[in-house]
Amino acid sequence: MKLSEYAKKNSITYQTAWNHFKSGKIPNARQLPTGTVVIDENPQAHANEYVIVYARVSSSENKTNLDAQADRLVQYCEALGLTVSEVVKECASGLNDSRPKLSKIFRDRKATKIVVEHKDRLTRFGFNYIELLYPECEIIVVDPCEDKQDLFEDFISLVTSFCARIYGRRRSRRKTEQIIEALNDTE
């Protein structure tokens, strides 16, 4: 909890709480790099937690955004009093279901909390399925609103993917017909 909440809870002024913090009278109190003072109410409650910060961008061109996203998530966890066990950064489309780092998180099943900036950073579709299939893990979404530009780009990727599958099937069917025809000609 923040120092202001601690002051209200203990019926003291903020200045008195600040003086107590400065003199070391508040156990489990610490100051974040941002200057905010937080107090871990029960540090033992977080002892068995395995918190994973998951940051993802669609392309390697956004690598700087990936690092900034991960840093923001780590700061968010610190503000909540969570100890980050692992930071996972991945460059892959949200539509791609073969993301090795995310797959490892789900296979290992160590995480008790996964922290993401937006739902779509974890997955574009099927977010509720992840929650149903991994109930022992709490998924924390920092900002639940969606970016319309990202959604539009995903729609284009989805249409492109389906078109490639359709044309790929036609191509493979023609190739199979050519092989059969060649085999018939050799007989």
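Quick note: structure is the one above.
Quick notes on the rules
The residue count restarts for each chain, going from 1 along the sequence in the order it is written. Residues qualify for local features only when their pLDDT is at least 70, as the model is predicted, and side-chain atom pairs are given and counted only at 80 or more; totals for whole chains, interfaces and linings, by contrast, use all residues. For the side-chain quantities, the full set of heavy atoms in the structure was used; hydrogens and water were omitted. For each structure, a 1 Å grid was placed over the protein atoms alone; sets of points admitting a 1.4 Å probe that cannot get out are labelled cavities, open sets with protein on both sides within 12 Å along at least five of seven lines are labelled pockets, and lining residues have an atom within 4 Å of a point. Grid points are joined across faces, edges and corners, and a volume is the space filled by probe spheres set on the points. Only runs of H or I of at least four residues qualify as helices and only runs of E of at least two qualify as strands under DSSP, and these elements are numbered from the N terminus. Pairing between strands is defined by DSSP: at least two bridges between the two strands are required. Axis definition: a line fitted to C-alpha atoms, limited for helices to the stretch in contact. Angles are taken between N-to-C directions and run from 0 to 180 degrees. Any two residues having at least one pair of non-hydrogen atoms within 4.5 Å are treated as being in contact. Each residue is placed in one exposure class: buried if its accessible area under a 1.4 Å probe, protein chains only, is under 20% of its type's maximum, exposed if it is over 50%, and partly exposed if it falls in between. Handedness of a crossover: with both strands directed away from the viewer, a clockwise path from the first strand across the helix to the second marks it as right-handed. Patch rule: a residue counts if its relative accessible area is over 30% and it has no salt bridge; like charges are joined within 9 Å, and nonpolar side chains (Val, Leu, Ile, Met, Phe, Trp, Tyr) within 5 Å. For every accessible area listed, the method is Shrake-Rupley and the probe measures 1.4 Å; residues are considered covered only by the protein chains on display. When a carboxyl oxygen of Asp or Glu is within 4 Å of a side-chain nitrogen of Lys or Arg, the pair counts as a salt bridge.

Caption draft 1: Local environment of the layout of surface pockets. For the largest pocket, the calculated volume is near 240 Å³. Lining the largest pocket are Gly-94, Leu-95, Asn-96, Asp-97, Arg-99, Leu-102, Ser-103, Phe-106, Thr-123, Phe-125, Gly-126 and Ile-130. Considering each element in turn, the lining of the largest pocket owes the most residues, three residues, to helix H4 (residues 100-108).

Caption draft 2: Representation of the sheet that holds strand S3 (residues 51-57) in the model. Pairing within the open sheet is parallel, and its four strands lie in the order S4-S3-S5-S6. Two strands in the sheet have a free side with no partner beyond their single neighbour: strand S4 (84-91) and strand S6 (138-141). The sheet shows a mean angle of 20° between the axes of neighbouring strands, taken without regard to direction. Here S3 pairs with strand S5 (residues 113-116) via three bridges, running parallel. Following the sheet pairing, Val-53 is matched in S5 by Val-115. Of the strands in this sheet, S3, S4, S5 and S6 touch helix H3 (residues 63-80), which is tilted by about 155° from S3. Here H4 sits on the sheet in contact with S3, S4 and S5, set at roughly 145° to S4.

Caption draft 3: Geometry of the pairing of S3. For S3, the buried fraction is high: seven of the seven residues fall into the buried class. Along S3, one buried face is formed by Val-51, Val-53, Ala-55 and Val-57 and the opposite face, lined by Ile-52, Tyr-54 and Arg-56, is buried too. In this view, the connection linking S3 to its parallel neighbour S4 by way of H3 has right-handed handedness.

Caption draft 4: How the structure looks around a nonpolar patch on the surface. A contiguous nonpolar surface patch, about 390 Å² in accessible area, is contributed by Phe-152, Phe-155, Ile-156 and Val-159. Its location among the elements puts Ile-156 in helix H7 (residues 148-186). In this structure Ile-156 comes out as partly exposed when scored by relative accessible area, which is 41%.

Caption draft 5: Quick look at the pattern of salt bridges. Taken as a whole, this structure holds seven salt bridges when the rule is applied. Salt-bridge contacts for Asp-108 lead to Lys-104; the nearest nitrogen and oxygen are separated by 2.7 Å. Remark: Lys-104 and Asp-108 occur in helix H4; sequence separation between them is four residues, near one turn of the helix. Assessed through its relative accessible area of 40%, Lys-104 is described here as partly exposed. Asp-120 is the partner of Arg-121 in a salt bridge, and the nearest nitrogen-oxygen pair spans 3.3 Å. Here the two residues Arg-121 and Asp-120 agree in accessibility, since each one is buried. Here the salt bridges share partners, and the residues they tie into one network are Glu-49, Lys-113 and Glu-138.

Keep in mind these values describe shape, not function.
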